[in-house]
Amino acid sequence: MDNGDIEGGDDELRPQTGRKYRPVVAHDRAIVEMSSMDPGSPSTSIPIHNIKKIKVSTQANMGPNAGGGFVPDGEGANGPDRGSKLELFGFDSLVDILGLRRPSDVKLGTMMGVFVPCLQNILGIIYYIRFTWIVGMGGIGQSLLLVLLCGTCTFLTSISLSAIATNGAMKGGGPYYLIGRALGPEVGVSIGLCFFLGNAVAGALYVLGAVETFLKAVPAAAIFKETVTKVNGTATAEPIQSLSSHDLQVYGIVVTIILIFIVFGGVKMINRVAPAFLVPVLLSMFCIFIGIFLARKDDPASGITGLSLQSFKDNWSSDYQTTNDAGIPDPDGKVDWNFNALVGLFFPAVTGIMAGSNRSASLKDTQRSIPVGTLAATLMTTSLYLVSVLFFGALATREKLLTDRLLTATVAWPFPAFIHIGIILSTLGAALQSLTGAPRLLAAIANDDILPIINYFKVADGSEPYIATLFTSFICIGCVVIGNLDLITPTITMFFLLCYAGVNLSCFLLDLLDAPSWRPRWKFHHWSLSLIGASLCMVIMFLISWSFTVVSLALASLIYKYVGLKGKAGDWGDGFKSAYFQLALRSLRSLGASQVHPKNWYPIPLVFCRPWGKLPENVPCHPKLADFANCMKKKGRGMSIFFSILDGDYHECAEDAKNACKQLATYIEYKRCEGVAEIVVAPNMTEGFRGIVQTMGLGNLKPNIVVMRYPEIWRRENLTEIPATFVGIINDCIVANKAVVIVKGLDEWPNEYQKQYGTIDLYWIVRDGGLMLLLSQLLLTKESFESCKIQVFCIAEEDSDAEGLKADVKKFLYDLRMQAEVIVLSMKSWDMQADGGQDESLEAFTAAQQRIAGYLAEKKAAAEKAGTPLMADGKPVVVNEQQIERFLYSTLKLNSTILKYSRMAAVVLVSLPPPPISHPAYLYMEYMDMLVENVPRLLIVRGYRRDVVTLFT
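From a predicted model like this one, the values you see are computed outputs, not experimental measurements.

A. Spotlight on the overall build of the chain. Looking only at helices and strands, one finds 30 helices and 14 strands in the chain. When the 953 residues of the chain are sorted by exposure, 49% land in the buried category. Considering only contacts in the chain between residues 6 or more positions apart, those separated by 24 or more positions represent 82%. When the accessible surface of the chain is split by element, carbon and sulfur atoms take 58% of a total near 46,700 Å².

Structure (structure tokens):
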């Protein structure tokens, strides 16, 4: 490329001092396509001082096409043969990240998407027909406390909701999406389904409230006969007319069907209808307050005092009374009231703060709309309730407050009909919001594909959840048909409180952990506020009804358990994963670098999965290795590290190693063994093991026991490389101070369902820190070995005090809380010439001698031919034939002893002799073969330089 300008650009990349930062936009030409250098020119031909002359390319060469889409890879403006400008970097260019197309469907703003739905849900029938009664029963003081308690709960929940909702893009599902991504899929689905059920049944409650108000305002519209409740015990005894349940059912079904048709119309229809429901509600509120200010003594009805200081004083304290079913004071009534009961009655009047987040998929900007809209609706309604408590307490006598169910309509100016219309429309608006949010919540849960049973409710992005809406309508109509929902209404309130507690706990967890991904735009939050909010939710649940609290928590727990059993695993990066990570880091730091005390010692096996031979296809590990690894843990607690070595070059085999690691991890999970999988690529097995035994683990969580299979096939299949590799692994473990457990007869190792009987025999020869004793105790904790008994065979020196040793070992085992029979075997019984030995033992001994002699003769001949000292395994060796014979004698006699005393044992444990330094690996394998000969199930154990058991408490 020449040093001249590249024509066609409007902007220049000129490093100017004092130039203000210009944010990058989606179609910035400097990002969409950068000018390339002439391939024929070296990059060093461009002087530094000429960089300001380089301009960006023309508009015609930009990645996005004229229609707003993007040109496929390899088909740029200059044709498919044009090379990528950033090919050197090997990643997708920023055009794929910044060039996101905005969805074309209509989205809602803060007002219509969040504020109006929340306001419609919060301003419900409780305010119109029960709020004055609550003030009369609880008094002004406790009513203010009641509103503050419930309002504080929803306000703190709104703050937590705002923080989580502004911590990134939010999909549909509202609180379910927030809770699930923070507390995990199990908690999210369990609380989400409860919240869906609460919204669906709440829709029926609102419908019944609207119908009841309509029939009371227009008695002539009743189809069936009314019933009259006689009222006694009041100064002004007035009959209370009760509506027929059949009228509620008929009108309720009709109204529900009409609302469902509106919901089926989608977001556009709801957006048009919502103001028609909200404006009359606000107008009715205005009429109530005008009527309060215009009211005078006994005007417009008897018992009304106008705004009177005397009434305020009289109504300040509480006056809890017994009432009948209609809520009218009656000495013979069966309903007792207190502050807790008032909390249960009033709390539904502050629910509805999730109405906006339930429609998060339909919002234009969730990170702005949800905090502003939800908090504005919460503050506005709470302030309205607080002011109303003061005004209603000063407006009428306590008797009027307790007997006039529609006092708000009585004082309204100019006509009570305005209040009736306001009640009907407010409840219908709340029902509409519930029937809108519930299906979208269910569809969001289904779209996450956690529970297969609800996959029928899945919807495509941007589509209306018609099937979920139909299902919600059936639930709502079914509850309307029941008519009397007094028994399940507290449970519905519990579901709302459970959801609020989940939101608060989610924010508490995320804020406390403060992971790098936790960067909410809403800054006015703190983990302590979320914790207070969650605590308030639980307190209010138990204040309302401890029995219904237990029922709702039990239902959520059942759903949680069902999701855990039948649901698909989903990793959403939830807060619990972050908590586990933080806890692991803190625990690791607290352990420090010092050695773990024997009382806190846990076996962390490093299980060598690479077999000495071949395994069946698609089986990455010997099936019984996982069973044995589980036997080394008490009640399954602890961690195992399963590793294998892949021969080859790392750059060439990296992808194969990843696939092998996934396969091994899947197999471990299938075998139900707690552990992790690791695959190491190395030139050979020796180098791979040497690297992994040095680096595996972190701090005091490094593996402390190497577990592998005994190479029984090495002689049968003439695998000459096994002895050197096997001995090298043992020596590496000794140098790295790792314990070693070698399993002989792995094919016969029992699984968890195979019951074993007999004894677990320990041949304790050298001090191993108590590892062999501890392994025997761990075996006893497994069902397969729980019926076995332990026998400890102590191998003593010829001149030692056998009885004294036996007594010492018994006392030692007693102090260790281990029950075992102790047997002392003297070293003198190992003298082969003394007892003659068995024929088969002599034959094995002679055969081993002949093989060793042949091996040494071959090595000596090769050394003489090469003119070098005797070499084996790549290093010079010194052979002492008498020492070799003593080693063979020792292993032969130990094998004979094992076969004599432990032929029927369930499993035998014996100390592992270290490889002699000056002996070839082949000779050590001969010693080991002599030791394990004819023993069906044997654990060869070597401890390390520390104790794993302790006598002291």
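B. Inspection of the pairing of strand β4 (residues 640-647) at higher detail. The buried count for β4 comes to six of eight residues, which makes it a mostly enclosed element. As paired elements, β4 and strand β5 (residues 675-682) share eight bridges and run parallel to each other. Of the residues in β5, the one forming a bridge with S644 is I679. In this fold, the crossover linking β4 to β5 by way of helix α22 (residues 650-670) has right-handed handedness.

C. Just the pairing of strand β3 (residues 605-608), in detail. Every second residue of β3 is oriented toward a common face, with P605 and V607 on one face and L606 and F608 on the other, all of them buried. With three bridges joining them, β3 and strand β6 (residues 705-709) adopt parallel strand pairing. Note that in β6 the partner of L606 across the bridge is V706. Sheet topology places β3 next to β4; three bridges connect them, and they run parallel. Residue pairing for β4: F608 is matched across the bridge by F643.

D. Up close: a nonpolar patch on the surface. Together, I223, F224, V250, V254 and I258 line one region of the surface with nonpolar side chains, adding up to about 430 Å² of accessible area. Structurally, the position occupied by F224 is in the loop between α7 (185-217) and β1 (227-229). Its relative accessible area of 38% is what places F224 among the partly exposed residues.

E. Just the nonpolar core, in detail. In terms of nonpolar packing, the biggest core is built from 146 residues, with Y127, Y128, F131, L259, F346 and Y385 touching the most fellow members. When residues in this core are grouped by element, the largest group, 17 residues, is from helix α5 (residues 131-165). Setting aside its immediate chain neighbours within four residues, Y127 contacts M285, I288, F289, L384, Y385, S388, F392 and T408. Within the second largest apolar cluster, 61 residues are counted, among which are I742, F845, Y855 and A872.

F. Fine view of the packing of α7 against helix α8 (residues 245-264). Running from N to C, α7 and α8 point in directions that differ by 120°, and their axes come no closer than 9 Å. Taken together, the axes of α7 and α8 lie oblique to each other. Classified by chirality, the crossing of α8 by α7 is right-handed. Of the residues in α8, those touching α7 at V207, L208, V211, E212, F214 and L215 are D247, L248, Y251, G252, V255, T256 and L259. In terms of residue class, the contact of α7 with α8 is built from nine nonpolar, two polar and two charged.

G. The arrangement of the packing of aromatic side chains in detail. Scanning the model with the defined rule gives 35 aromatic pairs in all. Plain terms: the ring middles of Y127 and Y385 are 5.8 Å apart, the flat faces sit at 35° to each other, and that makes the pair tilted. Taken together, the positions of Y127 in helix α4 (residues 125-129) and Y385 in helix α12 (residues 366-395) put the pair 258 residues apart, joining distant regions of the chain. For Y385, a relative accessible area of 1% corresponds to the buried category. Three or more aromatic residues link up through ring pairs in this structure, and these residues are Y127, Y128, F131, F346, Y385 and F392. Against the face of W133 rests R130, its NZ or CZ located 4.8 Å from the ring centre.

H. Highlighting helix α18 (residues 527-544). Look at α18: 26 Å from first C-alpha to last across 18 residues, which is about the 26 Å you get at 1.5 Å a residue. All of the buried residues in α18 are S530, G533, A534, L536, C537, I540, M541 and I544. Each buried residue of α18 sits inside an arc of 155° when the element is viewed along its axis, so together they form one side.

I. The environment of K893, seen in detail. As for its placement among the helices and strands, K893 is situated in helix α29 (residues 881-901). Take K893: its relative accessible area is 8%, and that puts it in the buried class.

J. Focus on the sheet that holds strand β14 (residues 938-942). Pairing is mixed in the open sheet, where ten strands are placed in the order β5-β4-β3-β6-β7-β14-β13-β8-β9-β10. With one partner strand each, in any of the chains shown, β5 and β10 (821-826) form the two edges of the open sheet. Across the sheet, the mean angle separating the axes of adjacent strands is 20° when strand polarity is ignored. Pairing between strand β7 (residues 739-744) and β14: five bridges, direction antiparallel. What sits directly across from V740, in β14, is R942. This element, helix α23 (residues 685-695), spans β3, β4, β5 and β6 of the sheet and lies at about 145° to β4. The sheet strands contacting helix α25 (residues 771-780) are β6, β7, β8 (759-764), β9 (789-796), β13 (907-911) and β14, and the helix crosses β8 at an angle near 175°.

K. Highlighting the environment of N934. Along the polypeptide, N934 turns up in the loop between α30 (921-932) and β14. For N934, a relative accessible area of 49% puts it in the partly exposed group. As for N934 and R903, which are separated by 31 residues in sequence, their C-alpha atoms are 9.1 Å apart.

L. Seen up close, unusual backbone geometry. Note the cis peptide between D299 and P300, where omega equals 15°. In this structure, P300 sits in the loop between α9 (266-294) and α10 (309-314). That bond from W413 to P414 is cis: its omega, 0°, falls within 30 degrees of zero. Here P414 shows up in the loop between α14 (407-411) and α15 (417-447). Of note in the backbone geometry, D298 takes a positive phi value of approximately 55° without being a glycine. Note on placement: D298 falls in the loop between α9 and α10. Of note, the phi angle at N737 is positive, near 60°, even though the residue is not glycine. Within the secondary structure, N737 is located in the loop between α24 (722-735) and β7. By relative accessible area, which is 22% here, N737 ends up partly exposed.

What counts as what
- Residues numbered from 1 in each chain as written.
- Predicted model: local features only at pLDDT ≥ 70, side-chain atom pairs only at ≥ 80, totals over all residues.
- Heavy atoms only, no water.
- Helix = DSSP H or I, 4+ residues; strand = E, 2+ residues; numbered from the N terminus.
- Buried < 20%, exposed > 50% of the residue type's maximum accessible area, 1.4 Å probe, protein only.
- Contact = heavy atoms within 4.5 Å.
- Areas by Shrake-Rupley, 256 points an atom, 1.4 Å probe, with all protein chains shown as cover.
- Pairing = 2+ DSSP bridges.
- Right-handed = clockwise from strand over helix to strand, strands pointing away.
- Patch = residues over 30% accessible without salt bridge, like charges linked within 9 Å, V, L, I, M, F, W, Y side chains within 5 Å.
- Salt bridge = Lys/Arg side-chain N within 4 Å of Asp/Glu carboxyl O.
- Core = buried A, V, L, I, M, F, W, Y, C linked by side-chain atoms within 4.5 Å.
- Axes fitted to C-alpha atoms, helices over the stretch in contact; angles between N-to-C directions.
- Parallel < 35°, antiparallel > 145°, perpendicular 65-115°, else oblique.
- Left-handed = near helix turned anticlockwise from the far one by under 90°.
- Nonpolar A, V, L, I, M, F, W, Y, C, P; charged D, E, K, R; others polar.
- Phe/Tyr/Trp six-rings, centres within 6.5 Å; stacked < 30°, edge-to-face > 60°.
- Lys NZ or Arg CZ within 6 Å of the ring centre and 35° of its normal.
- Expected span 1.5 Å × (residues − 1).
- Arc of directions from axis to C-beta.

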